Amino acid sequence: MSKVTAILGSKYPIIQGAMGVICNPELVAAVSEAGGFGLLATAFSMEPDPFRNNVRATKQLTNKPFGANLFVMNPHVTEFAQILAEEGVRAVTVSAGSPKNLIPLLHELDIKAIVVVPAVDVARKARDAGADAIIAEGSESGGMQGFRGASTMVLVPAIVDAISLPVIAAGGICDSRGYRAAMALGAQGIQVGTRFIASRECTAHPHYKQYITDSGETGTGLVNLGRARVRALRTPLVEKILEDGKIPDGVFTPTSVEESWIKGRLEAGLLPAGQVAGLISDIPTVQEIIEEMVRGA
Ligand SMILES: Cc1cc2nc3c(=O)[nH]c(=O)nc-3n(C[C@H](O)[C@H](O)[C@H](O)COP(=O)(O)O)c2cc1C
């Protein structure tokens with residue numbers, strides 16, 4: 001058993017990245033059933049009860065371990081941690097803010113803390129705060145990122161060299177080639193986001209999935225929201241933002257996320273995805289995705 005599977009309790013060191021409201025219980029459970037580690041998300045969760053319902057719905061679908069992402073900026077983050085402990089979750093990822101105050105609580109609750117970082121200095125701080133493992137998230141990843149980033153190819157070995165915790169690579173991985181490459185860079189596990197959006201079990205709207213499968217490797221751009229940047233598909237909305245630099249109101253809110261990610265109104269909001277969209281051209285089952293990763297690696 002590797003250090004990462006020991007922390008996760010899963011068969012393989014493969015984490016399904018948190019992806020807001022499209023980490024539906026069916027997706028999370030399918031990842032765990034296939035031997036990976038599914039994650040529920042909390043970034044857009046504004047109330048504890050629906051989150052608890054999602055945890056329980058996932059438990060109905062699998063007996064295998066799964067986790068959640070705790071989004072530090074979310075004002076309910078400590079309530080979510082309590083719920084996860086009560087429901088028997090043993091490992092979480094922590095992102096979008098300093099984990100310093102959260103890690104002692106998680107450890108008190110007997111939950112392992114895997115901290116997502118974009119740089120070596122942030123990885124050192126996470127280690128000093130008591131992180132159990134690190135996710136090195138390269139700048140080619142889909143979703144939110146800060147203003148300092150490095151690609152997975154550079155970030156993973158830099159963090160592996162700098163700290164002695166297990167490192168999990170995220171960003172740009174969609175198949176066994178990426179899995180092998182991450183291991184060659186010194187990672188002991190992978191976190192995969194965009195590939196799982198284009199899976200049968202993900203609740204993302206077919207238009208979102210099709211945009212990913214149609215996209216080339218240059219099909220994403222970084223949209224500057226002021227407080228952070230989001231790597232998103234170059235939809236006509238994103239092309240316009242990148243051209244004139246103006247962000248229309250409400251393109252990255254719980255409402256726009258619901259409208260564009262789930263209902264498929266692509267003009268309603270940003271559709272986050274990684275550069276790896278350029279390598280994805282089909283919509284298989286989660287099990288097929290994980291089997292190929294493991295077989296080929
Ligand atoms: C739609 C979407 C939403 C995301 N939301 C979150 C989130 O809430 N919390 C988080 O830690 N990471 C989030 N991420 C990042 C993923 O968990 C993962 O690290 C990333 O997708 C890996 O890069 P890849 O897309 O190249 O596989 C999101 C990514 C996407 C595509």
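On a predicted model such as this, the values are computed, not experimentally measured, just so you know. (Residues numbered from 1 in each chain as written. Predicted model: local features only at pLDDT ≥ 70, side-chain atom pairs only at ≥ 80, totals over all residues. Heavy atoms only, no water.)

**What to know about the overall build of the protein chain**
Then, in step 1: When you go through the protein chain residue by residue, the secondary structure sums to 13 helices and 11 strands.
Then, in step 2: A compact globule built from 297 residues would reach a C-alpha radius of gyration of about 19 Å, and the protein chain, at 17 Å, matches this within 12%.
Then, in step 3: When its C-alpha atoms are laid out on the principal axes, the protein chain stretches across 45 × 40 × 35 Å.
Then, in step 4: Buried positions account for 56% of the 297 residues belonging to the protein chain. (Helix = DSSP H or I, 4+ residues; strand = E, 2+ residues; numbered from the N terminus. Rg over C-alpha atoms; globule rule 2.2 N^0.38 Å. Buried < 20%, exposed > 50% of the residue type's maximum accessible area, 1.4 Å probe, protein only.)

**Looking at the packing of helix α8 (residues 176-184) against helix α13 (residues 286-296)**
Then, in step 1: Where α8 contacts α13, the two axes come as close as 8 Å, and the packing angle between them is 50°. Overall, the two elements α8 and α13 adopt an arrangement that is oblique. In the crossing of α8 with α13, the sense of the turn from one axis to the other is right-handed. Residues Ser176, Tyr179 and Arg180 of α8 form the contact with α13, whose participating residues are Glu292, Met293, Val294 and Gly296.
Then, in step 2: When grouped by side-chain class, the residues that make up the contact of α8 with α13 number 3 nonpolar, 2 polar and 2 charged. (Axes fitted to C-alpha atoms, helices over the stretch in contact; angles between N-to-C directions. Parallel < 35°, antiparallel > 145°, perpendicular 65-115°, else oblique. Left-handed = near helix turned anticlockwise from the far one by under 90°. Contact = heavy atoms within 4.5 Å. Nonpolar A, V, L, I, M, F, W, Y, C, P; charged D, E, K, R; others polar.)

**So, the domain arrangement of the protein chain**
Then, in step 1: Looking at the assigned domains, one finds that the protein chain contains domain 1 (3-202 + 281-296) and domain 2 (206-277).
Then, in step 2: Of the roughly 2,100 Å² buried between domain 1 and domain 2 on both sides combined, carbon and sulfur atoms contribute 71%.
Then, in step 3: Across the domain 1-domain 2 interface, the total number found is 8 residue pairs in polar contact (both at pLDDT 80 or more).
Then, in step 4: Sorting the residues of the side of domain 1 that touches domain 2 by element identifies β7 (143-145) and α9 (194-197) as the ones contributing at least two each.
Then, in step 5: It is β7 that provides the largest number of residues to the side of domain 1 that touches domain 2, a total of 3 residues. (Domains from an automatic or database assignment. Buried area = accessible area lost by both parts, 1.4 Å probe. Polar contact = N/O pair within 3.5 Å; in protein donor to acceptor, adjacent residues only side chain to side chain.)

**Quick notes on the pattern of salt bridges**
Then, in step 1: Enumeration according to the criterion identifies 14 salt bridges in this entry.
Then, in step 2: One salt bridge in this structure joins arginine 127 and aspartate 128, with 3.0 Å as the shortest N-O distance.
Then, in step 3: Taking relative accessible area as the criterion, arginine 127 reaches 31% and is therefore assigned partly exposed.
Then, in step 4: Connected via shared salt-bridge partners are Arg52, Arg56, Lys59, Glu86 and Glu87. (Salt bridge = Lys/Arg side-chain N within 4 Å of Asp/Glu carboxyl O.)

**Examining the sheet that holds β7**
Then, in step 1: Strand order in this open sheet of 3 strands is β7-β11-β10, and the pairing throughout is antiparallel. The sheet terminates laterally at β7 and β10 (220-224), the two strands that pair on one side only. Direction aside, neighbouring strands of the sheet carry axes that sit 30° apart on average.
Then, in step 2: As paired strands, β7 and strand β11 (residues 229-233) are joined by 3 bridges and run antiparallel to one another. For glutamine 145, the partnering residue across the bridge sits in β11 and is arginine 229.
Then, in step 3: Strand contacts of helix α11 (residues 236-244): β10 and β11, with the helix running at about 55° to β10, the strand carrying the most contacts. (Pairing = 2+ DSSP bridges.)

**Some details on the packing of aromatic side chains**
Then, in step 1: Taken as a whole and assessed by the stated rule, the structure comprises 4 aromatic pairs.
Then, in step 2: Taking the centre distance of 5.9 Å and the plane angle of 85° together, the rings of phenylalanine 44 and tryptophan 261 count as edge-to-face. Of the two residues, phenylalanine 44 sits in the loop between β2 (39-40) and α3 (48-61) while tryptophan 261 sits in helix α12 (residues 254-262), which places them 217 residues apart along the sequence.
Then, in step 3: According to the relative accessible area criterion, tryptophan 261 is buried, its value standing at 4%. (Phe/Tyr/Trp six-rings, centres within 6.5 Å; stacked < 30°, edge-to-face > 60°.)

**Brief notes about the site of the ligand**
Then, in step 1: What surrounds the ligand is a group of 23 residues, the closest being Ser95, Glu137, Gly172, Gln191 and Thr194.
Then, in step 2: Here serine 141 contributes a side-chain N or O atom positioned 3.3 Å from an oxygen atom of the ligand.
Then, in step 3: In the model, an oxygen atom of the ligand is placed 2.6 Å from a nitrogen or oxygen of the threonine 194 side chain.
Then, in step 4: Computed on the free molecule, the ligand has an accessible area of 600 Å², of which 95% lies beneath the protein chains in the complex.
Then, in step 5: At the level of elements, β3 (67-71), β9 (189-192) and α9 are the ones that each hand at least two residues to the shell around the ligand.
Then, in step 6: A class-by-class count of the residues in the shell around the ligand yields 10 nonpolar, 12 polar and 1 charged.
Then, in step 7: A domain split of the shell around the ligand shows at least three residues from each of domain 1 (3-202 + 281-296) and domain 2 (206-277). (Near = heavy atom within 4 Å. Areas by Shrake-Rupley, 256 points an atom, 1.4 Å probe, with all protein chains shown as cover.)

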